[in-house]
Amino acid sequence: MASNSLPPGATRRRATGALGTALLCLGVLVFALPFLFTIVTSLRTAADVARAPLGIPHTFTLKNFSAAFGQIHYGRSALNTLLITGLSCLSVTILGSLASYPLARITQGWSAWVYRLFILGTSVPVFVVVAPLYLLMRDLNLLDSYTGVVFVYTAMFLPVSVFFYTSFIRSIPIDIEEAAALDGCGAFRTFFTIILPLLRPITSTLLTFVSLQVWNDLIVPLVFLQNPDKRTVMVNAYSFIDPHTVQPTTLFPAALLGVVPLFLIFVFLQRHVVAGMSAGAVKS
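Everything quoted here is computed from the prediction, not taken from an experiment. (Residues numbered from 1 in each chain as written. Predicted model: local features only at pLDDT ≥ 70, side-chain atom pairs only at ≥ 80, totals over all residues. Heavy atoms only, no water.)

Trainee: When you look at the overall build of the chain in this model, what are you seeing that I'm missing?
Mentor: Secondary structure summary: the chain contains 13 helices and zero strands in total. Going residue by residue from the N terminus, the α and β elements of the chain occur as α-α-α-α-α-α-α-α-α-α-α-α-α. Within the chain, buried positions represent 35% of all 284 residues. Counting contacts in the chain only where the partners sit at least 6 residues apart, residues at least 24 apart contribute 75% of the total. Of the roughly 16,900 Å² of accessible surface on the chain, 72% is carried by carbon and sulfur atoms. (Helix = DSSP H or I, 4+ residues; strand = E, 2+ residues; numbered from the N terminus. Buried < 20%, exposed > 50% of the residue type's maximum accessible area, 1.4 Å probe, protein only. Contact = heavy atoms within 4.5 Å. Areas by Shrake-Rupley, 256 points an atom, 1.4 Å probe, with all protein chains shown as cover.)

Trainee: Is there a simple way to explain the nonpolar core in this structure?
Mentor: The nonpolar side chains of a soluble globular protein tend to be buried with one another. Among the nonpolar cores identified, the biggest contains 29 residues, and Val-149, Tyr-153, Ile-195, Leu-199, Val-210, Val-220 and Phe-224 are the most heavily contacted of them. Secondary structure elements with two or more residues in this core: α4 (74-105), α6 (126-139), α7 (146-170), α9 (187-198), α10 (200-216) and α11 (219-224). A per-element tally of this core places α7 first, with eight residues. Those residues in contact with Val-210 that sit more than four places away from it in its chain are Cys-89, Val-92 and Phe-157. Core analysis: the next-biggest nonpolar cluster, separate from the first, contains 13 residues, Ala-68, Ile-72, Tyr-74 and Leu-262 among them. (Core = buried A, V, L, I, M, F, W, Y, C linked by side-chain atoms within 4.5 Å.)

Trainee: What should I look at first to understand α7 in this one?
Mentor: Here α7 contains 25 residues, and its C-alpha end-to-end distance of 34 Å stays within 8% of the 36 Å for a straight helix at 1.5 Å per residue. The sharpest bend along α7 comes to roughly 40 degrees, located at Phe-157, with the proline Pro-159 sitting one to four residues further on. (Expected span 1.5 Å × (residues − 1). Bend = angle between axes of the 7 residues up to and from the residue.)

Trainee: What is the right way to read the pattern of salt bridges from this model?
Mentor: Any two side chains of opposite charge can pair, on the condition that their charged atoms come close. Inspection of every chain in the model, using the stated rule, returns three salt bridges. Residues Glu-177 and Arg-105 are paired through a salt bridge, measuring 2.5 Å at the closest nitrogen-oxygen approach. Of the two residues, Glu-177 is situated in helix α8 (residues 175-182) and Arg-105 in helix α4; the sequence distance between them amounts to 72 residues. Close ionic contact of Arg-138 with Asp-139 constitutes a salt bridge, the shortest N to O distance being 3.4 Å. (Salt bridge = Lys/Arg side-chain N within 4 Å of Asp/Glu carboxyl O.)

Trainee: Quick question: what am I supposed to make of the side chain of Ser-91 here?
Mentor: Position of Ser-91 relative to the elements: it lies in helix α4. For Ser-91, a relative accessible area of 17% gives the class buried. Beyond its immediate chain neighbours, meaning those up to four positions away, Ser-91 contacts Gly-96, Val-150 and Thr-154.

Trainee: What exactly am I supposed to notice about unusual backbone geometry here?
Mentor: Note on backbone geometry: most residues besides glycine have negative phi, and most peptide bonds are trans. The backbone of His-73 shows a phi angle near 50 degrees, a positive value even though the residue is not glycine. Examined against the element boundaries, His-73 turns out to sit in the loop between α3 (63-71) and α4. One non-glycine residue, Asp-144, lies in positive phi territory at about 60 degrees. Of note, Asp-144 is situated in the loop between α6 and α7.

Trainee: When you look at the packing of α8 against α9 in this model, what are you seeing that I'm missing?
Mentor: Two quantities define a packed helix pair, namely the angle between the helix axes and the distance between the axes. It is the contact of α8 with α9, at a shortest axis distance of 10 Å, that shows an interaxial angle of 155 degrees. Taken together, the axes of α8 and α9 lie roughly antiparallel to each other. Viewed along their axes, α8 and α9 form a crossing whose handedness is right-handed. Between α8, through Ile-176, Glu-177 and Ala-180, and α9, the contact on the second element is made entirely by Thr-190, Ile-194, Ile-195 and Leu-198. Residue classes in the contact of α8 with α9 are distributed as five nonpolar, one polar and one charged. (Axes fitted to C-alpha atoms, helices over the stretch in contact; angles between N-to-C directions. Parallel < 35°, antiparallel > 145°, perpendicular 65-115°, else oblique. Left-handed = near helix turned anticlockwise from the far one by under 90°. Nonpolar A, V, L, I, M, F, W, Y, C, P; charged D, E, K, R; others polar.)

Trainee: Just checking my understanding: could you explain the environment of Cys-185 for this structure?
Mentor: Position of Cys-185 relative to the elements: it lies in the loop between α8 and α9. For Cys-185, a relative accessible area of 19% translates into the label buried. Contacts of Cys-185, omitting those with residues within four sequence positions, involve Ala-180 and Thr-190.

Trainee: Just to check I follow, could you spell out the side chain of Thr-81 for this structure?
Mentor: With respect to the secondary-structure elements, Thr-81 resides in helix α4. Judged by relative accessible area, which is 3%, Thr-81 ranks as buried. Among the polar contacts listed, one links the side chain of Thr-81 to the backbone oxygen of Ser-77, at a separation of 2.7 Å. Other than its neighbours up to four places away in sequence, Thr-81 contacts Trp-215, Thr-232 and Val-233. (Polar contact = N/O pair within 3.5 Å; in protein donor to acceptor, adjacent residues only side chain to side chain.)

The following block contains the structure:
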């Protein structure tokens, strides 16, 4: 008579799989609960939140979002942030890819030292260089300008860009470039016609990383932009924070309005980011 009992190995694997699924669901719940709490609180009235901050909501309203939209001048500040983020991503991508190509292919000693200097730049926190950068931007008459902020972000994220691109270019077979050289292609033509299209997956990953960092950053626009008309979303949302009292019904909607563009950027680039990570994992 056949037995329906599973072998010990299969039972152990099934128990391990169930435990892993339970831990995964718990982790997702832990990360999702603060976001859900922020959304629910943003939709509640101030009186309802004051009555029971962590209780079950009784009344909902969209007036919190409309009030936050007007108070942070969302349209103008979102355009400012989008402009700064786009120009920063463009400069970091162009300069980083151009600098990484020779660093990945030249095997002389000086190129290794230059690469190490770029890697060292990734470990320097922004708080250390804010004061020198402020003096430099002041001497260059670039304070309170989009150009100065873009220059600062380019200097901050160029080491990361060089690290991303150099590692990826080194995984590309050099035979492709040798074949292009036999066809009469120079270094620049080889880079722009052959290497650059191959960098599309890692570029999407880099753009996602830089976009998230620049959009969420508070220190640089707060220090280098004094004109209220040039403030970013996060700086205007920061104005809702009072050292003595915090109003969740105004702070949370402002924070959510600032996150919406980031969510759209991530959804748009998600497929390319996964492709870039998979390509890097396969080639490394």
